[in-house]
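# Overview (structure and organization)
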Amino acid sequence: MPYDVIIRDGLWFDGTGAAPRVRTLGIRDGVVAAVSVGQLDETGCTDVIDARGKWVVPGFIDVHTHYDAEVLLDPGLRESVRHGVTTVLLGNCSLSTVYADSEDAADLFSRVEAVPRKYVLGALQAHKTWSTPAEYVAAIDDLPLGPNIASMLGHSDLRTAVLGLDRATDERTRPTRAEMRTMVEMLDDALDAGLLGMSGMDAAIDKLDGERFRSRALPSTFATWKERRKLIGALRRRRRILQSAPDVKNPLTALLFFLASSRMFGRRAGVRMSLLVSADAKSAPGAARVFGPGTRLLNAVLGASVRFQHLPVPFELYSDGIDLPVFEEFGAGTAALHLREQLERNELLADPDYRRRFRTEFDRRILGPTLWHRDFHDAKIVACPDASLVGKSFGDIADERDCHPLDAFLDVLVENGERNVRWTTTVANHRPRELDRLAAEPSVHMGFSDAGAHLRNMAFYNYALRLLNRTLEADRAGRPFLSVQRAVYRLTAEVADWFGVPAGTLRDGDRADFVVIDPAGLDDSVDGYHEAEVDFYGGLSRMVNRNDAAVAATGVNGVVVFRDGEFCDGYGTTVRAGRFLRAGAEPVSRVKTPV
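It should be emphasised that the depicted structure is a prediction, and the values quoted were computed from it without experimental measurement. (Residues numbered from 1 in each chain as written. Predicted model: local features only at pLDDT ≥ 70, side-chain atom pairs only at ≥ 80, totals over all residues. Heavy atoms only, no water.)

Take the side chain of Thr424 next. Residue placement: Thr424 occurs in strand 16 (residues 422-428). By relative accessible area, Thr424 is classed as buried at 8%. Beyond its immediate stretch of four places on either side in the chain, Thr424 contacts Glu316, Leu317, Tyr318, Asp378, Ala379, Lys380 and Val382. (Helix = DSSP H or I, 4+ residues; strand = E, 2+ residues; numbered from the N terminus. Buried < 20%, exposed > 50% of the residue type's maximum accessible area, 1.4 Å probe, protein only. Contact = heavy atoms within 4.5 Å.)

Here it is in structure tokens:
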């Protein structure tokens, strides 16, 4: 039988961490049918890719996205796929669209993930046909998907469906025994349908959108540990995963996740947990040194299975005015973000009493890490109606005006229109040596791209290519921190194995999800800043990554969907390349961590 696709003479990485070898791959019926030292018979093959001088690697797996609404509007999820991502995970940070009704789901999702609410609500109202997890899986699987999709069930989604959004965000409310049983049963139903596990969120920084309960914290943050333990028990029985985030205001809560994960107290099985987030934060410069050893020690002592997600690139943020989640760390910041209208915000930002309260909160000494370093000297203006301010930091302006940096920041916003001032800062992963060390740390895994969220704040769709670029440059400079095959493993089979996703390797008999990479394209362009208009978000200009020289081709289930900078005809509309990957439906190829 002829092959559907042949990838000829590429340097082949199988995803397990084994040394790469020059091979020719033959793909038939969406599966790798041959891995050959010699040439394959090309007779009848409709698509031959000449990969000489290029790398052939398994498709990247993005374990932390918020494409839950976007996948309904643009099932191709182009910004990820054009950079070699062939599998994405939905349902992170306690947010999913499985159970809650459309209005509740939009209120849960929109402000937290900085996606315009009207489009999230519109997507759900137009496309939400499901009421059960099995129907949800079937509906997503029926879309003309670009990449493969897997998902978790969000704790906030679950809690809202059982308690109602009002009670779920009331600190005085505790689920009754009957409601708790219902939550466990609904979680079990989701696991039966093939969802990977559950996601949570402990940090109360994330707030609701909409008008009914605007600025309340997410429902999962109101859950007691008694409630969490019952839900984690369901995950333990099914050997599924929990993704969550400890409360940054009380770092000791992280210990509770290790205890809940462990095999102690007579438990026969632990629970794999993927927590946010491992980073070299400017607000806590010493944390990066203890993160890895501390996690490894606790895992060993407690018999736990905890890893922290890590973004292997500098964590650079952009903001239009005060529209940045880090300001939710302050009560005054939440008060400003509570207001939608520009004039109302400007009036508040100019109010002397408000400013005094904001300065008090801003200057308060905080023990433990924060999301933002709070240094306005490290926050540079990149666009402003007053062109004389572009290129300056707010700290520079404060020095010139002899005022508090926060006042300088608020003054610039009020003088120029709050949303008209665009500025940037790097909050973490700014030290190359620490960034390299974390990328090689076995207690963290690659993730936290937040693809599909924070449309004007950040763009890490191509973080896998950026890690490979750093790996290649370090090797050429004689200071390697990872081998290329190890980096590929960390981006593919390692996370697939941890999350229980049947993906991540490219061997004979594996599903043919692949990326052909031109190493010559792994250059400074991977770090470039770009914006692109998004039709399905009303023409909003969002941050993206565009370095198409690095990826020569992306294939999903044996279908070449992206090649030489172009998507195939019908992509995301009539071509159905991706599938919903159900946990337990296919065996996960366990791979031994390479030395």
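Glancing now at the packing of helix 9 (residues 225-238) against helix 10 (residues 253-261). Across the interface, helix 9 lies against helix 10 with an axial gap of 11 Å and an inter-helix angle of 35°. In this structure, helix 9 meets helix 10 at a crossing whose hand is right-handed. On helix 10, the residues touching Trp225, Ile232 and Arg236 of helix 9 are Leu256, Phe257, Ala260 and Ser261. (Axes fitted to C-alpha atoms, helices over the stretch in contact; angles between N-to-C directions. Left-handed = near helix turned anticlockwise from the far one by under 90°.)

Of the positions making up helix 4 (residues 117-127), those classed as buried are Arg117, Val120, Leu121, Ala123 and Leu124. For helix 4, the buried positions fall inside an angular range of 160° around the axis, keeping them on one side. Opposite the buried face of helix 4, by more than 90 degrees, sit the exposed residues Lys118, Gln125 and Ala126. Along its buried surface, helix 4 packs onto helix 1 (70-73) and helix 3 (102-113). (Arc of directions from axis to C-beta.)

It is worth spelling out the pairing of strand 11 (residues 241-244) at this point. Where burial is concerned, the two faces of strand 11 agree: the one with Ile241 and Gln243 and the one with Leu242 and Ser244 are both buried. Note: strand 10 (residues 197-199) against strand 11, three bridges, orientation parallel. Counted as the bridge partner of Met198 is Leu242 from strand 11. Crossover handedness for the path strand 10 to helix 9 to strand 11: right-handed. Bridging between strand 11 and strand 12 (residues 272-278) involves three bridges; their strand directions are parallel. (Pairing = 2+ DSSP bridges. Right-handed = clockwise from strand over helix to strand, strands pointing away.)

It is worth spelling out the pattern of salt bridges at this point. Where charged atoms from two side chains of opposite charge approach closely, those side chains can pair. For the coordinates displayed, the defined rule picks out 50 salt bridges. Between Arg212 and Asp104 there is a salt bridge, and its shortest N-O distance comes to 2.7 Å. With Arg212 in the loop between strand 10 and helix 9 and Asp104 in helix 3, the pair connects residues that are 108 residues apart, well separated along the chain. One continuous salt-bridge network, built from bridges that share partners, spans Glu103, Asp104, Asp107, Arg117 and Arg212. (Salt bridge = Lys/Arg side-chain N within 4 Å of Asp/Glu carboxyl O.)

This part is about the UniProt feature "domain: Amidohydrolase" (unreviewed entry) in the protein chain. In the UniProt entry, the feature "domain: Amidohydrolase" (unreviewed entry) is given for residues 47-200. Across residues 47-200 one finds 45% helix and 17% strand; the C-alpha atoms that close the span lie 43 Å apart. (UniProt positions renumbered as here; feature names shortened; annotations may be inferred.)

Another aspect to go through is the sheet that holds strand 9 (residues 153-154). The parallel open sheet is built from six strands, whose spatial order is 9-10-11-12-13-17. Both outer strands of the open sheet, strand 9 and strand 17 (444-446), are each paired with one neighbouring strand and no more.

What follows deals with the sheet that holds strand 6 (residues 60-62). The strand order across the open sheet formed by three strands is 6-7-8, and the pairing between neighbours is parallel. The sheet terminates laterally at strand 6 and strand 8 (148-151), the two strands that pair on one side only. Across this sheet, the average inter-strand angle for adjacent strands is 20°, counted without regard to direction. Sheet topology note: the strand 6/strand 7 (residues 85-90) ladder contains three bridges and is parallel. Bridged to Ile61 within strand 7 is Thr87.

Taken N-terminus to C-terminus, the directions of helix 14 (residues 352-363) and helix 16 (residues 405-416) make an angle of 135°; their axes are 10 Å apart at the nearest point. Between helix 14 and helix 16, the angle falls in the class oblique. The interaxial crossing formed by helix 14 with helix 16 has right-handed handedness. Judged by residue contacts, Arg355, Phe358, Arg359 and Phe362 of helix 14 engage Leu406, Asp407, Leu410, Asp411 and Val414 from helix 16. Across the contact of helix 14 with helix 16, the residue classes break down as five nonpolar, no polar and four charged. (Parallel < 35°, antiparallel > 145°, perpendicular 65-115°, else oblique. Nonpolar A, V, L, I, M, F, W, Y, C, P; charged D, E, K, R; others polar.)

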